[in-house]
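Structural overview
Here is what each chain is made of, one letter per residue.
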Amino acid sequence: MQHSFAIGDSKLDLWVGDITTQTTDAIVSAANALLLGGGGVDGAIHRAAGPELLDACKALKKTLPGGVLRTGGAVITPAFKLAAKHVIHCVGPIYDREGPEAPELLSSCYREALAIARERALGSITFPSIATGVYGYPVDDAAPIALGTVIDELRAHGRPQLVRFSLFDATIFNVYRRAGEALLR
Ligand code: AR6
């Protein structure tokens, strides 16, 4: 299952599938503040990348204030055994904890990840549906924020050339597809 939108010269692609199989320059993990791995998409990425990814996260933690990645933040490591070259680790908002700040914090994840991709001159990046699993963000609310932020960033900067979402099942894919169609109507 796949659907594409054109945003200027860039492509915004929606896929159904496991993000660990993606071959884009970077894939994004929905991590937590401690950056020590976890469940969901983060666990799948750590398992597929191998133990070097945890070592890289531990080294990176030492450079962060208090050893934690703030909510809405993003950092980059190599991707080790994955087909992608880099993993960008984002911390989405815990929906019930952040209240009215949640939309801005979710948007910040996508903005910061895309800023890192531009800084590193990456041509392609794949996101999961950040915060909509364990962190409890309703996917109907998260999808227009995720796609709206990516569309704004692509319109403002014209790169990376490809932004993909690797969505775990057809239900989530359909929510994102409808949100994309509504935003780009
Ligand atoms: N590929 C693509 N999407 C996936 C995959 C996969 N392999 N596995 C799960 N998803 P979640 P969060 C989807 O819970 O809500 C972790 O423990 C999943 O269906 O992974 O941001 C972290 O360490 C959902 O749509 O991330 C944090 O503690 C989406 O990915 C916490 O969970 C996000 O679900 C972060 O929670």
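Attention here is on the structure that accompanies the text.

Rules of the game
- Residues numbered from 1 in each chain as written.
- Predicted model: local features only at pLDDT ≥ 70, side-chain atom pairs only at ≥ 80, totals over all residues.
- Heavy atoms only, no water.
- Helix = DSSP H or I, 4+ residues; strand = E, 2+ residues; numbered from the N terminus.
- Rg over C-alpha atoms; globule rule 2.2 N^0.38 Å.
- Near = heavy atom within 4 Å.
- Polar contact = N/O pair within 3.5 Å; in protein donor to acceptor, adjacent residues only side chain to side chain.
- Areas by Shrake-Rupley, 256 points an atom, 1.4 Å probe, with all protein chains shown as cover.
- Nonpolar A, V, L, I, M, F, W, Y, C, P; charged D, E, K, R; others polar.

This brings us to the overall build of the chain. When helices and strands are counted, the chain shows 6 helices and 7 strands. Sequence-ordered secondary structure for the chain, helices as α and strands as β, is β-β-β-α-α-β-β-α-α-β-α-β-α. Radius of gyration (C-alpha) of the chain: 15 Å, near the 16 Å computed for a compact globule of 185 residues. Its C-alpha atoms give the chain principal-axis dimensions of roughly 45 × 35 × 30 Å.

Right, let's get into the site of the ligand. Near the ligand, the surroundings consist of 22 residues, among which N32, G39, V41, G133 and V134 are the closest. Interatomic distance of 2.8 Å between a side-chain N/O atom of N32 and an oxygen atom of the ligand. Within the backbone of Y135, a nitrogen or oxygen atom sits 3.0 Å from an oxygen atom of the ligand. Taking 700 Å² as the accessible area of the ligand by itself, protein coverage stands at 90%. Of all the elements in the fold, those that place two or more residues in the shell around the ligand are β3 (26–31) and α1 (40–49). When residues of the shell around the ligand are assigned to their parent elements, the largest contribution, 4 residues, is made by α1. Broken down by class, the residue content of the shell around the ligand amounts to 10 nonpolar, 10 polar and 2 charged.

Without other data, these values stay purely geometric and don't point to any function.
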